[in-house]
Structures are given as C-alpha cells and as structure tokens.
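# Results of the structural survey
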Amino acid sequence: MKYYSLNRKAKKVSFKEAVIKGLAPDKGLYFPEKTTPLPKDFFKNISQYSNEEIAFEAIKQFVTPDIPETVLKTIIQETLSFDFPIVTFDKTISTLELFHGPTMAFKDVGARFMARCLAYFNTNNTKEITVLVATSGDTGGAVANGFLGVKGVNVVILYPSGKVSDIQEKQLTTLGQNITALEVDGVFDDCQEMVKRAFLDSDITETMSLTSANSINVARWLPQLFYFMFAYKTLNKTDKNIVFSIPSGNFGNSCAGMMAQQLGLPVSHFIAANNANNSVTNYLKTKNYNSKPSVQTISNAMDVGNPSNFIRIQEIYNHDFETLKQNLSSFSFTDEDTKIALKELYTKYNYVADPHGAVGYLGCKAYLKNNTNVHCVFLETAHPTKFLDVVEAVIGKKQELPPQIKAVLSKTKVATKIGSYEAFKSFLLSH
C-alpha cells in the first residue's frame with residue numbers, strides 16, 4: 001500500500017514511511033492510495049469472527065507488506081486486550097463503550113497499535129525517534145501509556161494548561177521513563193500548531209527524527225475503524241439501518257468510521273456531534289468552511305477549532321459536498337445541553353455517561369427526530385470518572401473510581417511549562 005499527501009506536492013510513500021514521517025513534507029496528511037472493499041460474505045458472517053480476526057482483515061491491506069501478517073496478528077492481539085461492549089437503551093439507541101482500555105479512553109486502541117508498529121520498524125534502528133503529540137485531553141494519556149518503555153522512542157506531549165481534567169493531566173504527566181509532558185500556555189490549537197511547525201523546522205528535523213502520534217498519523221488513525229466493525233458484529237441482526245453518532249473534535253474517529261464504510265461496512269449514515277466548537281456543523285449548513293479559535297467546554301477533548309482530519313473526510317467523498325451531506329450530518333450542542341443529556345441518561349436509563357458521550361447521545365436524538373427507521377449508536381469515548389467534577393455535580397451521586405484511575409491519583413505531576421514555539425523548539429534541541 002502506498003500513501004499520498006493530501007496536498008499532492010510530495011512523493012508517495014510506504015506505510016512504514018508514512019508512520020515514521022507522520023506528516024508529509026508538503027504539510028499534507030497521508031492518505032491510502034486505494035481502498036479495496038472486503039467481500040460481502042465477510043459482513044454477512046461477521047458474527048462468526050473474533051474481534052482479532054475482524055481487525056486483521058480490516059487493516060491488513062493498509063499495512064502489508066511493511067508489517068508481515070504474522071507480526072500484524074501479534075500487534076492486533078496486544079492492541080485489543082480489552083472489551084468493546086454495546087449497551088442498548090431501547091429500539092432506537094445504543095452506546096458503544098470505548099473506555100475499557102488502560103487509560104479508559106477510545107484512543108487506547110490507536111495509541112497501542114501505533115506504538116507497536118513503531119517498535120517493529122525501530123527493531124534494528126540505532127537512531128532514536130521522538131514522537132510529538134498534542135492533546136486536548138485523552139490522547140496524551142493514551143499515547144503515554146501505549147509508548148511507555150518502547151525502546152528507541154521518546155515521547156513529548158503538549159497539552160493546554162488548565163484545559164484538561166485533573167485525571168487526564170495525571171495520566172500524561174506521571175509516567176516518567178521515556179515520556180515528557182509540556183504544559184502549554186494556550187489552547188489545544190496552539191499545541192497542535194507547535195507540533196506541525198516543528199515538523200517543518202529544519203533546525204529540528206536535521207537534528208532529530210520526528211513523528212507524530214496524533215490522529216494525523218495513519219497508524220493512530222486507521223485502527224479506529226475497528227470500533228465500527230465490532231459494533232456492527234453485535235447489532236447486525238437489527239432490521240433497521242445502523243447510524244453512528246460520534247462526539248467529534250479532531251474528526252479522526254468519524255473519518256475512521258467512514259473508512260470502515262469504504263471497506264463495505266453496511267452503515268447508512270454518520271453524525272458528527274459537536275460541542276460549541278462547530279466548524280463542521282456550520283460548514284454543512286452554509287457550504288463555507290471557516291475554522292475559528294477553539295473555545296473551552298466541559299467536553300474538552302472536542303475543543304478543536306480547526307479539525308485536522310476533516311480534509312481526509314472530504315477526500316473520501318471526492319470533495320463532493322452533496323455526497324458528503326448524504327453520508328454525514330452534524331449538530332452542535334452547548335454545555336447546558338450536555339448537562340441535561342447527562343442527567344437524562346442517568347434518570348431515564350440509569351446510565352452514567354461522560355460529557356463527550358452525552359454530546360453523542362444528543363446527536364442521536366437530533367437525528368432521530370427526522371429519521372425513524374434507524375438504530376443510532378453513539379460512541380462513549382471516555383470513562384465518566386475522568387470528568388468527576390462535571391458528572392457528579394449533574395447526577396448528584398458520588399462515583400466509584402476504577403483501578404486505572406486510582407493508580408494515577410497518588411502520583412506526582414511532572415511537567416515543563418512553555419509559552420511559545422521558540423520555547424518548545426529550545427526544549428527539543430536541548431533534550
């Protein structure tokens with residue numbers, strides 16, 4: 001499989017090169033040259049396959065021959081070492097829980113998959129690789145955990161000061177070893193811009209080998225299509241069309257679902273559920289895409305004003321606005337809407353959601369108003385106890401902390417504060 005830059009000014013590269021480079025030299029995101037649909041019988045008989053078998057068939061065309069099939073099977077086995085349960089509320093709505101991994105966030109899958117790919121590529125390499133990652137919440141912890149102790153790989157995480165939850169901050173600042181956290185005076189978009197700028201800075205790239213572990217990296221992004229396959233495996237007996245409502249920040253999850261659709265997954269529609277950071281919602285209304293500075297919300301992992309992966313979504317649908325609208329709807333919700341949804345899920349279904357899942361639930365409700373013959377699945381992307389202050393205040397009940405969360409609370413935060421790209425550059429060059 002070859003990958004090309006969406007800016008189309010760089011040469012095509014292999015999966016290995018795309019993973020190691022992260023971002024193309026022309027600043028474009030890498031995209032697979034072609035997608036070959038899986039046989040229809042695969043989806044017809046999907047209930048007969050294990051999650052590992054489903055993931056292998058879904059991803060192998062994108063990574064071979066750079067990763068041999070035997071190695072790929074091991075990587076998948078190590079990546080998918082936890083459950084992905086569906087909780088059904090009624091005939092029209094279910095949730096897919098993606099928080100049963102080590103850091104209790106959906107990004108555990110992509111981070112673990114990418115870390116193992118990079119470890120394989122670096123087996124006989126004496127030169128260290130530095131992984132740069134900007135996080136608006138859960139990415140940092142997932143990447144830190146996934147890459148912890150990986151030989152020859154150093155990880156530098158940038159996060160916006162005061163704009164991630166206390167537990168999220170602990171998860172990315174307490175591991176030590178090959179993980180370094182930088183606390184940025186700014187918002188997520190500032191962190192993301194610093195990372196992108198570093199890749200284009202010859203002073204840095206001539207000194208060290210860089211890659212990214214954000215969803216701009218194909219090895220972080222593509223494995224997220226597994227979730228949608230697993231959900232379909234559970235729900236494929238329904239007589240209704242399946243629709244996914246995805247809490248959307250940088251749009252990696254939404255885009256991965258659409259790649260699953262390109263592989264032949266029988267999904268009729270996607271919903272991008274936005275908080276107040278609603279560039280895509282506005283685009284689908286006006287046909288004019290205008291990025292804007294991100295604003296802080298209680299669903300902080302979605303506080304992205306200019307989502308990187310939306311260009312990939314446009315590429316999937318050949319930059320045809322009408323085709324895109326046939327496959328994607330988008331709705332935007334306020335923090336007050338989100339709190340009402342958290343309360344409703346608890347009182348009506350006895351279900352404790354996190355703020356991001358609550359936004360996804362609102363997306364389902366909005367879509368179902370005008371679309372009746374569908375079963376809508378919203379993605380519950382993080383464990384609710386990662387947002388204790390919001391969740392407990394809304395539902396009025398104290399929550400028991402799971403072992404994964406308890407383990408980090410007693411640890412000491414270690415982070416370096418920076419306020420500019422120059423400070424970031426200086427840090428990289430001096431370390």
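Residues numbered from 1 in each chain as written. Predicted model: local features only at pLDDT ≥ 70, side-chain atom pairs only at ≥ 80, totals over all residues. Heavy atoms only, no water.

The name that an unreviewed UniProt entry assigns to the protein is Threonine synthase, with the source organism given as Bizionia saleffrena. As its UniProt record puts it under Pathway (unreviewed entry), the protein is described as follows: "Amino-acid biosynthesis; L-threonine biosynthesis; L-threonine from L-aspartate: step 5/5." (UniProt positions renumbered as here; feature names shortened; annotations may be inferred.)

This next bit is on the overall build of the protein. A count of helices and strands for the protein gives 20 helices and 14 strands. At 20 Å, the protein has a C-alpha radius of gyration in line with the 22 Å of a compact globule built from 431 residues. Overall, the protein is about 55 × 50 × 45 Å in size when its C-alpha atoms are taken along their principal axes. Evaluated residue by residue, the protein yields a buried proportion of 61% over its 431 residues. (Helix = DSSP H or I, 4+ residues; strand = E, 2+ residues; numbered from the N terminus. Rg over C-alpha atoms; globule rule 2.2 N^0.38 Å. Buried < 20%, exposed > 50% of the residue type's maximum accessible area, 1.4 Å probe, protein only.)

Strand order in the open sheet made by the three strands is S2-S1-S3, with antiparallel pairing throughout. Two strands lie at the open edges of the sheet, namely strand S2 (13-14) and strand S3 (30-32), each paired on one side alone. (Pairing = 2+ DSSP bridges.)

As a further point, take the UniProt feature "modified residue: N6-(pyridoxal phosphate)lysine" (unreviewed entry) in the protein. Residues annotated in UniProt with the feature "modified residue: N6-(pyridoxal phosphate)lysine" (unreviewed entry) correspond here to Lys107. One can find Lys107 in helix H5 (residues 107-121). Every residue in contact with Lys107, bar those within four places of it in the chain, is listed here: Asp138, Thr139, Ala142, Arg220 and Tyr227. (Contact = heavy atoms within 4.5 Å.)

Let us now look at the sheet that holds strand S6 (residues 129-134). With parallel pairing, the five strands of this open sheet are ordered in space as S9-S6-S7-S8-S14. Whereas interior strands pair on both sides, the edge strands pair on one side only; in this sheet they are strand S9 (209-212) and strand S14 (416-418). Each strand of the sheet is rotated relative to its neighbour by a mean of 30°, with strand direction disregarded. In this sheet, strand S7 (residues 153-160) lies alongside S6 in parallel orientation, the contact comprising six bridges. Looking at S7, one finds that Val133 is bridged to Ile157. Those strands touched by helix H6 (residues 138-147) are S6, S7 and strand S8 (179-184), and its axis lies near 165° from that of S7. (Axes fitted to C-alpha atoms, helices over the stretch in contact; angles between N-to-C directions.)

Turning to the packing of aromatic side chains, a few remarks are in order. Using the criterion set out here, one finds 27 aromatic pairs in the structure. Judged by centre distance (6.1 Å) and plane angle (65°), the rings of Phe15 and Phe121 are edge-to-face. Pair noted here: Phe15 is in helix H1 (residues 15-21) and Phe121 is in helix H5, with a separation of 106 residues, a long-range link. Phe121 matches Phe15 in its accessibility class, with the two residues each being buried. Considering the side-chain rings of Phe106 and Tyr227, the 6.4 Å spacing of their centres and the 90° angle between planes classify their relative orientation as edge-to-face. On the criterion of sequence distance, the pair formed by Phe106 in the loop between strand S5 (93-97) and H5 and Tyr227 in helix H11 (residues 225-235) is long-range, its members being 121 residues apart. Pairwise contacts between aromatic rings join Phe82, Phe84, Phe106, Phe113, Phe226, Tyr227, Phe228, Phe230, Phe244 and Phe270 into one cluster. Between Lys73 and the ring centre of Phe56, over which it is positioned, the NZ or CZ distance is 5.0 Å. Here the basic side chain of Arg312 rests over the ring of Trp221, its NZ or CZ set 4.2 Å away from the ring centre. (Phe/Tyr/Trp six-rings, centres within 6.5 Å; stacked < 30°, edge-to-face > 60°. Lys NZ or Arg CZ within 6 Å of the ring centre and 35° of its normal.)

The next point concerns helix H8 (residues 188-199). Taking 1.5 Å per residue, 12 residues should reach 16 Å; H8 reaches 17 Å between its end C-alpha atoms and fits that length. Of the positions making up H8, those classed as buried are Phe188, Asp189, Cys191, Gln192, Met194, Val195, Ala198 and Phe199. (Expected span 1.5 Å × (residues − 1).)

Before going further, it helps to examine the nonpolar core. Grouped together as the largest cluster of nonpolar side chains are 121 residues, with contacts concentrated most on Leu225, Met229 and Phe424. Top contributing element to this core by residue count: H11, with nine residues. (Core = buried A, V, L, I, M, F, W, Y, C linked by side-chain atoms within 4.5 Å.)

This paragraph deals with unusual backbone geometry. Cis geometry marks the peptide bond from Thr64 to Pro65, where omega comes out at 5°. Look at Lys27: it is not a glycine, yet its phi comes out positive at around 75°. What makes Lys27 exposed here is its relative accessible area of 55%. In this model, His319 sits at a positive phi of 55°, which is unusual for a non-glycine residue.

Another aspect to go through is the packing of helix H16 (residues 335-349) against helix H17 (residues 355-368). Interhelical geometry of H16 versus H17 gives an angle of 85° and a closest axis separation of 8 Å. With respect to each other, H16 and H17 are oriented roughly perpendicular. Taken together, the residues of H17 that come into contact with H16 (itself represented by Asp337, Thr338, Ala341, Leu342, Glu344, Leu345 and Tyr349) are Pro355, Ala358, Val359, Tyr361, Leu362 and Lys365. Of the residues that constitute the contact of H16 with H17, the class distribution is nine nonpolar, one polar and three charged. (Parallel < 35°, antiparallel > 145°, perpendicular 65-115°, else oblique. Nonpolar A, V, L, I, M, F, W, Y, C, P; charged D, E, K, R; others polar.)

Time to look at the pairing of S7. The buried fraction of S7 amounts to seven of the eight residues, a majority that puts the element mostly inside the structure. Taken together, S6, H6 and S7 constitute a β-α-β crossover, and its handedness is right-handed. Sheet topology places S7 next to S8; six bridges connect them, and they run parallel. The residue bridging Tyr159 from the neighbouring strand is Glu183, located in S8. In this view, the connection linking S7 to its parallel neighbour S8 by way of helix H7 (residues 166-173) has right-handed handedness. (Right-handed = clockwise from strand over helix to strand, strands pointing away.)

Looking at where Glu169 falls in the secondary structure, it is placed in helix H7. Judged by its relative accessible area of 15%, Glu169 is buried. Along the sequence, Glu169 and Phe244 sit 75 residues apart, while their C-alpha atoms lie 29 Å from each other. When residues no more than four places from it in sequence are discounted, the contact partners of Glu169 are Tyr159, Val164, Glu183 and Lys413.

Further remarks concern the pattern of salt bridges. Considering all chains together, one arrives at 12 salt bridges under this definition. A salt bridge links Asp201 to Lys425; the nearest nitrogen and oxygen atoms lie 3.2 Å apart. Residue Asp201 is found in the loop between H8 and helix H9 (202-205), and its partner Lys425 is found in helix H20 (residues 421-430); the two are separated by 224 residues along the sequence. Here Asp201 and Lys425 have matching classes, each one buried. Ionic pairing is found between Lys365 and Glu344, a salt bridge with its closest N-O pair at 2.9 Å. (Salt bridge = Lys/Arg side-chain N within 4 Å of Asp/Glu carboxyl O.)

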